[in-house]
Amino acid sequence: MDKIRLKDKDFELFIPQKDIQAAIARVAEEIKRDIEGKNPLLVGILNGAFMFIADLMHHLNGPYELTFARYSSYRGDHSTGRIQEIMPIRQSVEGRHIILLEDIIDTGGTMHHVIDRLRQQGAADVRLATLLFKPDALEHDLRPDYVGLTIPNDFIVGYGLDYDELGRAYNDIYKIITTPTPMLNIIIFGPPGSGKGTQSKWIAREFSLAHISTGDVLRQQIQNNTDLGRAAAQYIDRGQLVPDALIIDILAHAIDSMEHPRGIIFDGFPRTLPQAEALGDLLAQRGTRLAAMLNLEVDTPELVRRLLERGRLEGRSDDNLETIHSRLDVYNAQTAPLIDYYRRQGILHPIAGAGNIENIFQQIKQTLLTCQTS
Ligand code: AMP
């Protein structure tokens, strides 16, 4: 069986029976060597370790004294776990060589506590044997003396280990199949001056998304006086669009320079139909897609007022009356048709973009929360 389902969760084969058995045989050899001539007390920790204990005993095959104990760890609001003894060790541990037999060590909280207690009670020494060890999950100062297999920090079941008491009776060990949460990729759309940049920053912060502004990338290139910057400046200063091939290339580079973002906000891109098609392809090639296109709706007199004000405050070379009008014309002719394109794809969300920045952001936030869960 390669896959199993327990209640609402799917698991895939992780450690087959023969690997488990080989690991146990090895652990048994090591233990046998160490306990030669001693009179150890083996303590099986229930419930999860019952299979491991039984198979280990097959290999030890000797006169060893075996007992069982059971603990449960509480994890309330506090960061330190509270350990409850459900079934304590019955015999005296004073002067004994104890070997604890555990199925898995992850945070290590329970065993850390138990080992401390046994030492206080006068055990000659306390060793810990575990079938599985998750060093990445370890929160306590604890080093198992015998380890069957070291594994990454995934949720596993089988061979004694359970999910809500299910799955203990498999001979193999299975690991949970987690589906990664889909990326939240958004286009923030609207004419020049509609507030795309401002809203992008707020969205990026709220949803932990990466932000790509093609306008910002181009301005950076101009500032650094690169070939690309010099080529782009002629278009930008006339209020025209930079050629598609150039801007698509910039965008592909920007996407690939990011390390596993939870999503990307595209600000100022796409501005033409070929750019929109290229964006769809770029995302599909990377196994993802657009979740939403937010269209900030603001009327023209308000746009002109905002852009002139920004020109005064930030000194952007393209925020002057003449260039503003050509940018609005270019927007209406080449960019606005994308509204229909995305409406047909079913991801268009109109946002009333006039008024208070905070109110506009709240509309966007509500829209994105529904996109995220659908
Ligand atoms: P923005 O900061 O988004 O308003 O962009 C400023 C200028 O950069 C635009 O007027 C264009 O000249 C150029 N630009 C930015 N993004 C693009 C794009 N996706 N396609 C073509 N040109 C762009």
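Please read all numbers here as calculations on a predicted model, not as lab measurements.

Now for the overall build of the protein. The secondary structure content of the protein amounts to twelve helices and 15 strands. For the protein, the C-alpha radius of gyration of 32 Å lies well beyond 21 Å, the compact-globule estimate for 374 residues. Based on the C-alpha atoms only, the size of the protein along its principal axes is roughly 95 × 40 × 40 Å. The buried share of the protein, taken over its 374 residues, is 33%. Put simply, of all contacts in the protein between residues at least 6 apart along the chain, 70% involve residues at least 24 apart.

Before going further, it helps to examine the sheet that holds strand β11 (residues 186-189). Here five strands make up an open sheet; going across it, the order is β12-β13-β11-β14-β15 and the pairing parallel. For this open sheet the edge positions go to β12 (210-213) and β15 (348-352), each flanked by a neighbour on one side alone. Taking each pair of neighbouring strands and ignoring which way they run, the sheet shows an average axis angle of 20°. Sheet analysis places strand β14 (residues 292-297) next to β15, joined by five bridges and oriented parallel. Within the sheet, the bridge partner assigned to M293 lies in β15 and is L348.

Looking along a regular strand, one sees side chains alternate from face to face of the sheet. Across the nine residues of strand β6 (residues 97-105), eight count as buried, placing the element largely inside the fold. Direction of pairing for strand β3 (residues 41-46) relative to β6: parallel, over a ladder of four bridges. In the sheet register, V43 faces β6, and the bridge partner there is L100. Sheet topology note: the β6/strand β7 (residues 125-133) ladder contains eight bridges and is parallel. Bridging across to β7, E102 finds its partner in T130. Between the parallel elements β6 and β7, the chain passes through helix α3 (residues 109-120) in a crossover that is right-handed.

Further remarks concern the site of the ligand. Of all residues adjacent to the ligand, which total 16 residues, the nearest are T214, G215, L241, V242 and G268. Counting residues per element, the ones that place at least two in the shell around the ligand are α5 (214-223) and α6 (227-237). Taken together, the residues of the shell around the ligand break down into eight nonpolar, five polar and three charged.

A separate point is the nonpolar core. Among the nonpolar cores identified, the biggest contains 44 residues, and V43, F52, I98, L100, L101 and A129 are the most heavily contacted of them. Of all hydrophobic cores here, the second largest spans 35 residues; its members include I203, I212, A292 and M293.

Hydrogen bonding along the main chain pairs the strands of a sheet, whether they run parallel or antiparallel. Pairing is antiparallel across the open sheet formed by four strands, whose spatial order is β1-β2-β10-β9. The sheet is open, and its two edges are formed by β1 (3-6) and β9 (156-157), each paired on a single side. Relative to strand β10 (residues 173-176), strand β2 (residues 9-15) is paired through four bridges, and the arrangement is antiparallel. Looking at the pairing, E12 lines up with K175 of β10.

The next subject is the domain arrangement of the protein. Domains assigned within the protein are domain 1 (3-176) and domain 2 (186-373). Between the C-alpha centres of domain 1 and domain 2 the distance comes to 55 Å.

Here the focus is the pairing of β1. Here β1 pairs with β2 via four bridges, running antiparallel. Within the sheet, the bridge partner assigned to R5 lies in β2 and is D10. Remark: two residues form the turn of the hairpin made by β1 and β2, two consecutive strands paired antiparallel; K7 in that turn has positive phi of roughly 50°.

Compared with the 18 Å implied by 1.5 Å per residue over 13 residues, the 18 Å span of helix α8 (residues 273-285) between its first and last C-alpha is a close match. Of all the residues in α8, the buried ones are Q275, A276, A278 and L279. End-on view of α8: buried residues confined to an arc of 165°, all on one side of the axis. Exposed residues pointing more than 90 degrees away from the buried face of α8 are listed as D281, A284 and Q285. Contacts made by the buried residues of α8 are with α7 (244-256), β13 (264-267) and α11 (338-345).

Definitions and limits used
- As a convention, each chain's residues are numbered from 1 in the sequence order in which they are written.
- Per-residue local features of the predicted model are confined to residues with pLDDT of at least 70, and side-chain atom pairs are confined, for both listing and counting, to 80 or more; whole-chain, interface and lining totals are unaffected and use all residues.
- Strands are runs of DSSP state E lasting at least 2 residues, helices are runs of H or I lasting at least 4, and numbering of each runs from the N terminus.
- Atoms counted for the radius of gyration: C-alpha only. Globule rule: 2.2 Å times the number of residues to the power 0.38.
- Neighbour counting defines burial: a residue surrounded by 20 or more other C-beta atoms within 10 Å of its own C-beta is buried, one with 12 or fewer is exposed, and intermediate counts give partly exposed, using backbone-placed C-beta atoms.
- We call two residues in contact whenever the C-beta atoms placed from their backbones are within 7 Å.
- A strand pair is defined by DSSP finding two or more bridges across the two strands.
- Axis geometry follows a simple rule: fit a line to the C-alpha atoms, using only the stretch in contact for helices, then measure angles between N-to-C directions, giving values from 0 to 180 degrees.
- When the strands point away from the viewer and the path from the first strand over the helix to the second turns clockwise, the crossover is right-handed.
- Near residues are defined by distance alone, with the backbone-placed C-beta atom required to lie within 6 Å of the molecule or strand.
- Basically, the charged four are Asp, Glu, Lys and Arg, the nonpolar ten are Ala, Val, Leu, Ile, Met, Phe, Trp, Tyr, Cys and Pro, and anything else, Gly included, counts as polar.
- What makes a nonpolar core is a set of buried Ala, Val, Leu, Ile, Met, Phe, Trp, Tyr and Cys residues, with links drawn between C-beta atoms within 7 Å.
- As used throughout, domain bounds are those supplied by an automatic or database domain assignment.
- Any helix carries an expected span of 1.5 Å times its number of residues minus one.
- Picture the helix axis, draw a direction to every C-beta atom, and the arc is the one those directions span.

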